[in-house]
Amino acid sequence: MEILNVKDLKIEFNLSGHRKLHAVNGVSFSLNKGETLALVGESGSGKTTTALSLMKLLPDNGSIVEGEILYKNQSVINASAEKIRSLRWKEISIIFQGAMNALNPVLTIEKQLMDVIMHHDHLEENEARIRAEELLKMVEIDVTRLKQYPHQFSGGMRQRVMIAMALACNPKIVIGDEPTTALDVMVQAQIFDLLERLKKVLELSMIIITHDLSILGDTCDKVAVMYAGEIVEYGEVQDIYCHPKHPYTQKLLSSYPVIGGKKALPESIPGIPMDMTQIPVGCKFAPRCHKAMPICFEEAPIQKVENGHRYFCHLGGESL
Amino acid sequence: MSRKYLLRKVFYAILTLFGVLVINFFLFRIMPGDPISMLVRNPNANLETVARMKAQFGLDEPVYIQFFTYMSNLFQGDFGTSFHYNRPVLSVIGERVFATVLLVGTAEFFAIIIGVFLGIIAAHRRGSKVDVMSLSFSLVTYAMPSFWLGILLIAFFSGFLSILPTSGMTSPALFFATGFERFFDISKHLILPALTLALVLIGEYMLVMRSSLIEVLTEDYITTARAKGFDEKTVLRKHALPNAMIPMVTIVAMSIGFVITGALQVETVFSWPGLGRLMYDALQDRDYPLLQGIFYISSICIIGANLISDILYGYLDPRVKE
Amino acid sequence: MKKNSFIKLFIKNKMGRIGMIIFMIFVMVALVGPVIVQYDPQDFGEKEDVLQPPSLTHFLGTDDLGRDVFKAIVAGSRVSLIVGIMATLISMVIGTSLGITSGYFGGRIDDFLMRLTDIFLVLPWLPLMLVLAALLGASIWNIILVIGVTGWAGTARIVRAQTLTEKERQYIERAKSIGASHFHIIKHHIFPNVFPLIFANTILVTAVSILSETTLSFLGMGDVSKPSWGTTLHFAFESGALSNKAYWYFVPPGLCVLLLVLSFTLMGFALDEIVNPKLRER
């Protein structure tokens, strides 16, 4: 059952001097109940902007200029401010990057868990506290730590608190914005195990945002690879892993040696991400592409579809 | 906040106080024109005073003994005898404390409320008319000598409008009046000096509150609070302000510490019988023991306020460890 | 940052531009004014000249001793500027050298210097200045010295912090490993990198110095032979210009202080925005 549908989404940021940054350019995807979608790409590719727009959380200088977001067949873009506030966290919640500053440093985690429970579920303080304890147990943190402040937790523990908080009001969709960045590999694996278990138990739909394809493993069902504000390749996780079509996806995959060896960052793809204030005529990835042909600089590629696996590239279906 | 943090702060405060005392000791002794020579040149000083001064400062003893005597006197609360008033310095100072506390307390009370309020509005609506006006106001009050601001207020309210008294704390005619009449009279005298002081403080507080809140509003946890579905008011009140108030508390505590210094200009202009005016008078009379006494009291106030602000900081910000 | 682009950014900044213009006007007045307009504080006017309102002969009226207020203000501009700038120079030299020493050498030296700085930060500066000025006697040089010696603590803290970050840079390690002396490293690597910060700080400290001079002079610690704006305000207040409603006597000098200090604050804000690019985009 489709729970979220994003159609041709375009987002712009107003910069100083009347310049415009085209952060997201016509992104479309859908999400079914219980399904997990991964949004993958380098920083600046528009994945976080896309995610924030689902909850209408764009910064003041950003706006959705085109497209539609439907949550349970209802428009998010045209919803009233009040409606949006009741959608946030209750229907769609988010696990923020790093969690260092995503938790308020001067409030105990008990306060931060309870305030949102009391706000959305209209519970009394005692009931909310019981719920907060439940949540901590769920993410395997000792309930005695409720009275502690964020700085008293380790990075991985803070991330668990953040997850507990995201689940506080039984949302239908949880967005994980780089939920394991800045954590060491062991802890990353633990966090993903936890997320997956909770997802199954609670029948959640999830959107995982990451720049690191290698960590996804079997956590997700579908992958959308983003470059310069566009989804350049989209498909089932197996297809993307085993038969990547777009040179950018291929590069992303090859920049992560699987096990052992030194981990390289995706920045090792030569060249820098394009200047998003100017849109080129041809394929946006062409200047950095190792397989670029003359046509790539002249014409934007059209979408090719093979069994639900779609991608934008002038090249045919050759794989790695 | 741990006990270790507290103890360290107290230790530093004592160390600083000791440093101030040492500087003070040498200041009044080594400078050209030390108290005795100034006194001898002063035609009003008689031999008896000179002798008493010498004994009080122990100037015929070696320096380390002088220093020891000086310190032990201070610890016993003996700040010496005022030349001008011919009474113990501490009792002269004691009489003036109330006036300064009344003046500064009133000014701070209004300045904190208005300054914080304006700062929040300015930060919340950056670039709006309120913001630009508050900023300009802060810049101007900062660039103005506060005594001159006092003079302008006197010129306007007393000279031009003739509605408020310009100097002192009570009207001579009402000196012996009691109760409501006296309260009303003091209040009337209080308005202008307190307003002068408050205007300067409002500018400062508003500026600090504004930049602190702007900083906090860009933090990730504010996005979290918004994502949780709280309205802007709740985000501001429950999630942003507890963080933004932390630097504010430090600034307020520090400015209260500088109370005597801050009040000096205003009290001088308005002849307000507080510690600032006392200091100005002591300076005109070259009343060194009194001057030194006020100097100690101001230092203790500042160091004490500093300590309190450190303690409050540790209490408000759970991240302060050790 | 290139010198040219720096100046361009500064001129483009509205606050910087306004501040610069006001400052230049005062500099012109201080340089040229006293040559054109002769002012002798000892030259008292006749009885009928006392406290005259503004007129064609006396542009800003006269004071209680029959002297021309406008001439006094022109002469005062030079004193206020010189005292403000000289005192700031002293503060900067002390603050910069202590800050760099403290940050660069660290350890015990750092501990001691920072304790000392803490003491100077909490010293009640106005009473301290008053006491010092009273003990040293009223002369323009003593005032400069007093303001300079009491005003360096904030600068020392800022410079120390910046030195600490610069010290960690790799090229410093490299310079050390090839045997560069401490003096060489400080002179060629640390100081040039700390300088932009010192420069921005200097401008803000000058504003404070000018205010301090005005306050000291107003409280009667000024050099009567070289009257500054503060001294003029002192005489205006003491002579009862307020009760005589001689606005021309006490408003203009204060307004001059306000404008000059404002020009420095505006320039300081503008520089801060240029030196900290983070503030610019916001």
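Keep in mind that what you see is a predicted model, and the values were worked out from it rather than measured.

Criteria and cut-off values
- Residues numbered from 1 in each chain as written.
- Chains lettered and ligands numbered in written order.
- Predicted model: local features only at pLDDT ≥ 70, side-chain atom pairs only at ≥ 80, totals over all residues.
- Heavy atoms only, no water.
- Helix = DSSP H or I, 4+ residues; strand = E, 2+ residues; numbered from the N terminus.
- Buried < 20%, exposed > 50% of the residue type's maximum accessible area, 1.4 Å probe, protein only.
- Contact = heavy atoms within 4.5 Å.
- Areas by Shrake-Rupley, 256 points an atom, 1.4 Å probe, with all protein chains shown as cover.
- Pairing = 2+ DSSP bridges.
- Expected span 1.5 Å × (residues − 1).
- Bend = angle between axes of the 7 residues up to and from the residue.
- Core = buried A, V, L, I, M, F, W, Y, C linked by side-chain atoms within 4.5 Å.
- pLDDT = per-residue confidence, 0-100.
- Salt bridge = Lys/Arg side-chain N within 4 Å of Asp/Glu carboxyl O.
- Axes fitted to C-alpha atoms, helices over the stretch in contact; angles between N-to-C directions.
- Buried area = accessible area lost by both parts, 1.4 Å probe.
- Polar contact = N/O pair within 3.5 Å; in protein donor to acceptor, adjacent residues only side chain to side chain.
- Phe/Tyr/Trp six-rings, centres within 6.5 Å; stacked < 30°, edge-to-face > 60°.
- Lys NZ or Arg CZ within 6 Å of the ring centre and 35° of its normal.
- Patch = residues over 30% accessible without salt bridge, like charges linked within 9 Å, V, L, I, M, F, W, Y side chains within 5 Å.

### A closer look at the overall build of chain B
Then step 1. What chain B contains, in helices and strands, is 13 helices and zero strands.
Then step 2. The N-to-C order of helical and strand elements in chain B reads α-α-α-α-α-α-α-α-α-α-α-α-α.
Then step 3. Taking all 322 residues of chain B together, the buried fraction comes to 50%.
Then step 4. Of the contacts formed within chain B by residues at least 6 apart in sequence, a portion of 74% connects residues at least 24 apart.
Then step 5. Only carbon and sulfur atoms are counted for the fraction: they give 68% of the accessible area of chain B, which is about 15,000 Å².

### Looking at the pairing of strand E9 (residues 222-227) of chain A
All names here are of chain A.
Then step 1. Most of E9 is tucked away: six of the six residues are buried.
Then step 2. Burial of the side chains of E9 extends over both faces: Lys222, Ala224 and Met226 are buried on one face and Val223, Val225 and Tyr227 on the other.
Then step 3. Bridge count between strand E3 (residues 36-40) and E9: four bridges; the pairing is parallel. Bridge pairing links Leu39 to Ala224 in E9.
Then step 4. As paired elements, E9 and strand E10 (residues 230-236) share six bridges and run antiparallel to each other. Bridge pairing in E10 links Val225 to Glu233.
Then step 5. What sits between E9 and E10 in their antiparallel hairpin is a turn of two residues, with Ala228 showing a positive phi close to 50°.

### Describing helix H9 (residues 182-221) of chain C
Then step 1. An ideal rise of 1.5 Å per residue puts 58 Å on 40 residues; H9(C) reaches only 42 Å between its terminal C-alpha atoms.
Then step 2. Along H9(C), the helix axis deviates most sharply at C:Phe191, where the bend reaches about 45°; the proline C:Pro192 sits within four residues downstream.

### Here's the deal with the nonpolar core
Then step 1. Of all hydrophobic cores here, the largest spans 124 residues; its most connected members are B:Leu290, C:Leu130, C:Phe250, C:Leu260 and C:Phe264.
Then step 2. Beyond its immediate chain neighbours, meaning those up to four positions away, B:Leu290 contacts B:Ser82, B:Tyr85, B:Val89, B:Val92, B:Ile93, B:Leu278 and B:Ala282.

### Here we look at the confidence of the model for chain C
All names here are of chain C.
Then step 1. Looking at chain C as a whole, its pLDDT mean stands at 82, while 90% of the residues score no less than 70.
Then step 2. Across chain C, the element-wise mean pLDDT spans from 46 in helix H12 (residues 277-281) up to 89 in helix H3 (residues 69-105).
Then step 3. Segment residues 278-282: pLDDT under 50, and nine contacts once partners within four positions in sequence are set aside and those in other chains are kept.

### Looking at the pattern of salt bridges
Then step 1. Applying the stated criterion across every chain, the model contains 26 salt bridges over all chains.
Then step 2. Across the pair A:Glu140 and A:Arg160 runs a salt bridge, and its minimum N-O distance is 3.2 Å. Of the two residues, A:Glu140 is situated in the loop between helix H4 (125-138) and helix H5 (155-166) and A:Arg160 in helix H5; the sequence distance between them amounts to 20 residues.
Then step 3. For A:Arg160, a relative accessible area of 9% translates into the label buried.
Then step 4. One salt bridge in this structure joins C:Asp118 and C:Arg157, with 2.6 Å as the shortest N-O distance. In this pair, C:Asp118 is assigned in helix H4 (residues 107-122) and C:Arg157 in helix H7 (residues 153-167), connecting sequence segments 39 residues apart.
Then step 5. Salt bridges sharing partners connect three or more residues here, namely A:Glu110, A:Glu125, A:Arg129 and A:Lys147.

### What to know about the sheet that holds E10(A)
Residue and element names in this part refer to chain A.
Then step 1. Across the sheet, which stays open at both edges, the eight strands sit in the order E6-E7-E8-E3-E9-E10-E12-E11 with mixed pairing between neighbours. Only two strands of the sheet have a single neighbouring strand rather than two, namely strand E6 (92-95) and strand E11 (303-306). Neighbour-to-neighbour, the strand axes of this sheet turn through a mean angle of 20°, independent of strand direction.
Then step 2. When E3 meets strand E8 (residues 205-210), the two strands line up parallel, connected through five bridges. Among the inter-strand pairings, Leu37 is bridged to a residue of E8, identified as Ile207.
Then step 3. Lying over the sheet, H5 contacts E6 and strand E7 (173-177), oriented at roughly 175° with respect to E6.
Then step 4. Those strands touched by helix H8 (residues 247-254) are E3, E9 and E10, and its axis lies near 105° from that of E9.

### Brief notes about the interface of chain C and chain B
By a widely used convention, the size of an interface equals the accessible area lost when the partners come together.
Then step 1. On the side of chain B, 48 residues touch chain C, which itself brings 44 residues to the contact.
Then step 2. Counting each side, the surface lost to burial between chain C and chain B is near 4,200 Å², with a carbon and sulfur contribution of 80%.
Then step 3. On the surface where chain C and chain B come into contact, there are zero salt bridges.
Then step 4. Our enumeration of links across chain C and chain B arrives at one residue pair in polar contact (both at pLDDT 80 or more).

### Remarks on helix H5 (residues 125-136) of chain C
Residue and element names in this part refer to chain C.
Then step 1. The end-to-end C-alpha distance of H5 is 16 Å, a good match for the 16 Å that 12 residues give at a rise of 1.5 Å each.
Then step 2. Counting buried residues along H5, 10 of its 12 residues qualify, which places the element largely inside the surrounding structure.
Then step 3. Burial in H5 covers these residues: Leu126, Pro127, Leu128, Met129, Leu130, Val131, Leu132, Ala133, Ala134 and Leu135.
Then step 4. A positive backbone phi angle near 95° is found at Gly137, which sits one or two residues after H5.

### Quick look at unusual backbone geometry
Then step 1. Phi at A:Lys72 takes a positive value of approximately 50°, unusual for a residue other than glycine.
Then step 2. Inspection of the secondary structure puts A:Lys72 in the loop between strand E4 (62-71) and strand E5 (74-75).
Then step 3. Here B:Asn86, not a glycine, exhibits a phi torsion of approximately 55°, which is positive.
Then step 4. Its place among the elements puts B:Asn86 in the loop between helix H4 (63-75) and helix H5 (89-124).

### With respect to the packing of aromatic side chains
Then step 1. One pass over the full model with this rule turns up 16 aromatic pairs over all chains.
Then step 2. For the ring pair B:Phe11 and B:Tyr12, a centre distance of 6.1 Å and an interplane angle of 40° mean the geometry is tilted.
Then step 3. On the accessibility criterion, B:Phe11 (49% relative accessible area) is partly exposed.
Then step 4. On the numbers, 5.2 Å between centres and 80° between planes, the contact of B:Phe109 with B:Phe110 is edge-to-face.
Then step 5. B:Phe109 sits in the exposed class, given a relative accessible area of 51%.
Then step 6. Ring pairing ties together the aromatic residues A:Tyr227, A:Tyr248 and A:Phe285, which thus form one cluster.
Then step 7. Lying across the ring of A:Phe153, A:Arg145 places its NZ or CZ 4.2 Å from the centre.
Then step 8. The ring of B:Tyr12 has C:Arg115 lying over it, and the distance from NZ or CZ to the ring centre is 3.7 Å.

### A short note on a nonpolar patch on the surface
Then step 1. Together, B:Phe156, B:Phe160, B:Leu161, B:Ile163 and C:Tyr247 make up an exposed nonpolar region whose accessible area comes to about 500 Å².
Then step 2. Take B:Phe156: it is sitting in helix H7 (residues 146-160).

### Structural notes on the side chain of A:Arg131
Residues and elements named next belong to chain A.
Then step 1. Mapping Arg131 onto the fold places it in helix H4.
Then step 2. Polar contacts involving the side chain of Arg131 include one to the main-chain carbonyl oxygen of Leu167, which spans 3.2 Å.
Then step 3. In this structure Arg131 touches Ile117, Leu167, Ala168 and Asn170, once residues within four positions along its chain are discounted.

### Details of the pairing of E8(A)
All names here are of chain A.
Then step 1. Of all six residues in E8, six are buried; the element is thus mostly enclosed.
Then step 2. Both faces of E8 are covered, namely the face carrying Ser205, Ile207 and Ile209 and the face carrying Met206, Ile208 and Thr210.
Then step 3. The pairing of E7 with E8 spans five bridges and is classified as parallel. Note that in E8 the partner of Gly176 across the bridge is Ile208.

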